[in-house]
Amino acid sequence: MNVLISPLRLYYRRLEPALDRLPVDLVALLARIVLGSVFFRSALTKVDGFTISQSTFFLFEHEYALPLISPVLAAWLATLAEFGLSLLLWAGLATRLAALGLLLMTLVIQTFVYPDAWVTHGLWATGLLTLLLRGPGALSLDRLLSRLLGRQVSAA
């Protein structure tokens, strides 16, 4: 029994508290880079040069077929959102809003397009929820702007 108790005691008394004290800034940066890349790469598949490809319009009309929105509008909105929100994630600018937008997109994809891909979408949602709830971390424009604006407001 002591063979099990000693490692558990070490884990709960030493390792777990030590891990709780580590900053999550690098994890947030990694989440922003990886999740931004997922959606940016998806956006790249939707364009041909500087315009949306005909195959994208075809997919939104026949395969994706979202309710309540025209396929042309859906193709434009999805493409622009994937490009724009990915760039915001990478920069760490308006990160929580960008994460919310991509989370809503993920929920739409899960619900109406690929309901069997719940594991992949669950992973995306987990990372996006982490950014939404915990923020972008110290290595972000959000943090820089927050500090600049905070100093400006307190000086006034």
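Only a predicted model underlies this, so the values are computations on that prediction, with no experimental measurement involved.

Asks: Just to check I follow, could you spell out the UniProt feature "transmembrane region" (unreviewed entry) in the protein chain for this structure?
Replies: The sites that UniProt annotates as "transmembrane region" (unreviewed entry) are residues 64-90 and 97-115. The distance separating the terminal C-alpha atoms of residues 64-90 is 27 Å; by composition the span is 78% helix and 0% strand.

Asks: How should a nonpolar patch on the surface be read in this particular structure?
Replies: On the surface, L4, I5, L8, Y11, Y12, L15, L19 and L22 cluster together into a nonpolar patch covering about 770 Å² of accessible area. Along the polypeptide, Y12 turns up in helix α1 (residues 2-21).

Asks: Would you mind going over helix α4 (residues 71-91) with me for this structure?
Replies: Its 21 residues give α4 an end-to-end C-alpha distance of 30 Å, which sits within 8% of 30 Å, the value for a rise of 1.5 Å per residue. All of the buried residues along α4 are A74, A75, A78, T79, E82, L85, S86 and L89. Considered in projection along α4, the buried side chains sweep an arc of 160° and stay on one side of the axis. Check the buried side of α4 and you find it contacts α2 (25-44), β1 (47-48), β2 (51-52), α3 (54-64), α5 (95-113) and α6 (118-134). A positive phi of about 70° marks G92, the residue just after α4.

Asks: Would you mind showing me how to read the packing of aromatic side chains here?
Replies: A ring pair, where both rings are aromatic, is described by two values, the distance of the centres and the angle of the planes. For the structure shown, the criterion picks out six aromatic pairs. Between Y11 and Y12, the ring centres sit 4.8 Å apart and the planes meet at 80°, which makes this aromatic pair edge-to-face. Within the aromatic cluster, the residues linked to one another by ring pairs are F40, F83 and W90.

Asks: Before we go on, may I ask you to explain α6 in this structure?
Replies: In an α-helix, one full turn covers 3.6 residues, which means residues spaced three or four apart are oriented alike. Taking 1.5 Å per residue, 17 residues should reach 24 Å; α6 reaches 23 Å between its end C-alpha atoms and fits that length. Buried within α6 we find H121, W124, A125, G127, L128 and L131. What you see down the axis of α6 is that its buried residues fit within an arc of 165°, all on one side. Of the exposed residues in α6, the ones pointing more than 90 degrees away from its buried face are W118, L123, L133 and R134. Among the structural elements, α2, α4 and α5 are those in contact with the buried residues of α6. A positive phi of about 90° marks G135, the residue just after α6.

Asks: Honestly, the environment of L89 in this entry has me stumped. Any pointers?
Replies: Within the element layout of this structure, L89 appears in helix α4. Residue classification places L89 among the buried positions, given a relative accessible area of 0%. Spatially, the C-alpha atom of L89 lies 9.0 Å from that of L29, the residues being 60 residues apart in sequence. Those residues in contact with L89 that lie beyond four places of it in its chain are R32, L35, G36, T95, A98, A99, L102, L128 and L131.

Asks: Honestly, the side chain of Q110 in this entry has me stumped. Any pointers?
Replies: Inspection of the secondary structure puts Q110 in helix α5. Residue classification places Q110 among the buried residues on the basis of a relative accessible area of 19%. Separated by 2.7 Å, the side chain of Q110 and the backbone oxygen of P115 make a polar contact. In this view, Q110 contacts P115, A117, W118 and H121; residues no more than four positions away in its chain are not counted.

Asks: Would you explain the nonpolar core in this entry?
Replies: Soluble globular proteins: nonpolar side chains tend toward being buried together. In this structure, L35, L89, L102, L128 and L131 are the most contacted members of the largest nonpolar core, which totals 24 residues. Elements that contribute at least two residues to this core include exactly α2, α3, α4, α5 and α6. Broken down by element, this core gets its largest block of residues, seven residues, from α5. Those residues in contact with L35 that lie beyond four places of it in its chain are L89, W124, G127, L128 and L131.

Here is what the cut-offs are and how they apply
- Residues numbered from 1 in each chain as written.
- Predicted model: local features only at pLDDT ≥ 70, side-chain atom pairs only at ≥ 80, totals over all residues.
- Heavy atoms only, no water.
- UniProt positions renumbered as here; feature names shortened; annotations may be inferred.
- Helix = DSSP H or I, 4+ residues; strand = E, 2+ residues; numbered from the N terminus.
- Patch = residues over 30% accessible without salt bridge, like charges linked within 9 Å, V, L, I, M, F, W, Y side chains within 5 Å.
- Areas by Shrake-Rupley, 256 points an atom, 1.4 Å probe, with all protein chains shown as cover.
- Salt bridge = Lys/Arg side-chain N within 4 Å of Asp/Glu carboxyl O.
- Expected span 1.5 Å × (residues − 1).
- Buried < 20%, exposed > 50% of the residue type's maximum accessible area, 1.4 Å probe, protein only.
- Arc of directions from axis to C-beta.
- Contact = heavy atoms within 4.5 Å.
- Phe/Tyr/Trp six-rings, centres within 6.5 Å; stacked < 30°, edge-to-face > 60°.
- Polar contact = N/O pair within 3.5 Å; in protein donor to acceptor, adjacent residues only side chain to side chain.
- Core = buried A, V, L, I, M, F, W, Y, C linked by side-chain atoms within 4.5 Å.

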